[in-house]
Amino acid sequence: MDARTGFPVVGMVGGGQLARMTHQAAVALGQSLHVLAVSADEPAPLVSPNVSLGHHTDLDALRKFAADCDVLTFDHEHVPTEHLRALLAEGVEVRPGPDALVHAQDKLVMRRKLAELGLPIPDFAEVTSVADLHEFGQWPCVLKAARGGYDGRGVWILDSPEDAVIVDELLAAGTPLLVEQKVPLRRELAALVARSPFGQGACWPLVETVQVDGICVEVLAPAPEVSAELAEQAQDLALRVASELGVVGVLAVELFQTDDGIVVNELAMRPHNSGHWTIEGARTSQFEQHLRAVLDYPLGATDALAPAVVMANVLGAPEAPAMGADERLHHLFARYRDAHVHYYGKQERPGRKIGHVTLLGDDMTDVRTRAKLAAHWLSHGEWLDGYEIH
Ligand code: ADP
């Protein structure tokens with residue numbers, strides 16, 4: 001409890017953009033998010049006055065941080081599960097708890113659990129030797145690091161048995177591996193839900209996530225051309241996962257859409273890139289909802305505020321633009337008076353997510369075109385005149 005305000009203290013482990021945007025939502029709820037960050041120049045410590053510096057793999061640093069917080073939650077999945085179990089045993093409120101979070105930390109644990117629940121997933125197998133890959137026998141296939149991957153790092157498409165040699169190298173480096181069927185996906189979707197300890201669930205409209213080279217570049221809300229039946233199936237699936245796994249907070253279920261339906265790709269138990277559009281585009285943002293959930297407040301309404309909402313990530317350009325970021329922002333606002341811009345306080349580096357822009361409107365193609373042009377301008381300092389969505 002913060003004696004100055006009478007409100008409980010939420011501590012978030014990790015100081016990235018998700019903690020930064022959660023802090024923004026926390027302020028409105030009378031809070032000031034406490035953040036455990038590795039360095040003072042990460043996105044959240046740049047804006048929150050309540051920062052502890054320490055590493056998320058250091059149990060003592062976690063203990064010390066948790067001592068001043070009523071609830072502990074996360075901006076990423078990288079706290080070792082055994083540390084979370086130790087904190088829980090010592091009486092810390094860990095939300096989501098380790099028994100849930102492990103399914104977002106370890107893809108093999110997650111695949112096994114979803115298989116047990118009878119949910120649609122790709123064929124998969126654990127890989128402890130090259131022989132396991134040959135026994136799996138599907139080419140092409142997708143080899144994955146079970147732990148530690150993000151934004152496509154830790155994912156390798158293997159086209160033929162000759163590519164299997166990579167396994168030895170990865171196993172020698174201590175990377176736990178699994179192999180999956182290469183899903184003939186038409187596109188990627190995400191079902192975002194939240195669950196409170198009381199057991200209340202809430203889901204936002206199903207979205208499409210547009211990926212380039214394993215990185216999400218755009219999110220379209222709602223996902224265009226999805227039948228009401230498919231949307232409901234995806235949302236029911238996500239709510240079921242949240243309740244079966246005992247998730248507390250926001251849960252993002254990343255999905256592949258195939259000609260036959262949907263299969264689950266992976267889970268994230270925190271605010272997620274596929275939900276940034278909710279800040280301006282939904283009645284309750286994912287960041288506020290995550291806080292409500294971890295504090296066991298009733299959850300907020302999740303309906304969209306416009307027929308079409310598009311979030312486009314601003315990624316660092318391959319070459320630094322001649323025009324500075326501040327001047328690019330001036331020009332952007334001159335051209336798009338309705339663009340909602342979020343910068344994360346990060347240095348520009350090629351391919352790095354440094355911010356995002358959200359636009360709302362009535363027509364998805366129009367909104368998507370404007371969001372794409374706006375984000376491209378902020379990244380590259382050039383207008384894609386004549387650009388059309390195909
Ligand atoms: P990360 O944890 O790094 O985000 P993902 O498991 O989400 O990794 O995979 C990254 C991308 O690789 C996915 O967004 C998808 O485009 C592709 N991918 C992953 N698994 C498969 C699969 N089984 N079949 C086809 N494509 C896949």
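What counts and how
- Residues numbered from 1 in each chain as written.
- Predicted model: local features only at pLDDT ≥ 70, side-chain atom pairs only at ≥ 80, totals over all residues.
- Heavy atoms only, no water.
- Pairing = 2+ DSSP bridges.
- Helix = DSSP H or I, 4+ residues; strand = E, 2+ residues; numbered from the N terminus.
- Axes fitted to C-alpha atoms, helices over the stretch in contact; angles between N-to-C directions.
- Contact = heavy atoms within 4.5 Å.
- Buried < 20%, exposed > 50% of the residue type's maximum accessible area, 1.4 Å probe, protein only.
- Arc of directions from axis to C-beta.
- Polar contact = N/O pair within 3.5 Å; in protein donor to acceptor, adjacent residues only side chain to side chain.

Some words on the sheet that holds strand 8 (residues 177-181)
An order of 5-8-6-7 is seen for the 4 strands of this open sheet, with the pairing classed as antiparallel. Since the sheet does not close on itself, it has two edges, and those belong to strand 5 (124-127) and strand 7 (155-158), each with one partner. Put simply, the sheet's adjacent strands are angled 25° from each other on average, direction ignored. As defined by bridge partners, strand 6 (residues 141-145) adjoins strand 7 across 4 bridges and the pair is classed as antiparallel. If you follow Val 142 over to strand 7, its bridge partner there is Ile 157. Contacting strand 5, strand 6 and strand 8, helix 5 (residues 107-116) runs over the sheet at an angle of about 145° to strand 5.

Quick notes on helix 2 (residues 59-67)
Of all the positions in helix 2, only Leu 59, Ala 61, Leu 62, Phe 65 and Ala 66 are classed as buried. Along the axis of helix 2, the buried positions cluster into a sector of 160°, meaning they face one direction only. Of the exposed residues in helix 2, the ones pointing more than 90 degrees away from its buried face are Asp 60, Lys 64 and Ala 67. Where helix 2 begins, the side chain of Asp 58 points an oxygen toward the backbone nitrogen of Asp 60, at a separation of 3.0 Å.

Comments concerning the pairing of strand 9 (residues 187-195)
For strand 9, the buried fraction is high: 9 of the 9 residues fall into the buried class. Pairing geometry for strand 9 and strand 11 (residues 207-212), over 3 bridges, is antiparallel. From the neighbouring strand, Ala 190 faces strand 11, where its bridge partner is Val 207. Remark: 5 residues form the turn of the hairpin made by strand 9 and strand 10 (residues 201-203), two consecutive strands paired antiparallel; Gly 199 in that turn has positive phi of roughly 105°.

Regarding helix 3 (residues 81-89)
Along helix 3, the residues that are buried comprise Thr 81, His 83, Leu 84 and Leu 87. Each buried residue of helix 3 sits inside an arc of 160° when the element is viewed along its axis, so together they form one side. With respect to the buried face of helix 3, the exposed residues turned more than 90 degrees away are Glu 82 and Ala 89. For helix 3, the secondary structure elements touched by its buried residues are helix 2, strand 4 (71-74) and helix 4 (98-105). Positive backbone phi, approximately 100°, marks Gly 91, located one or two places after helix 3.

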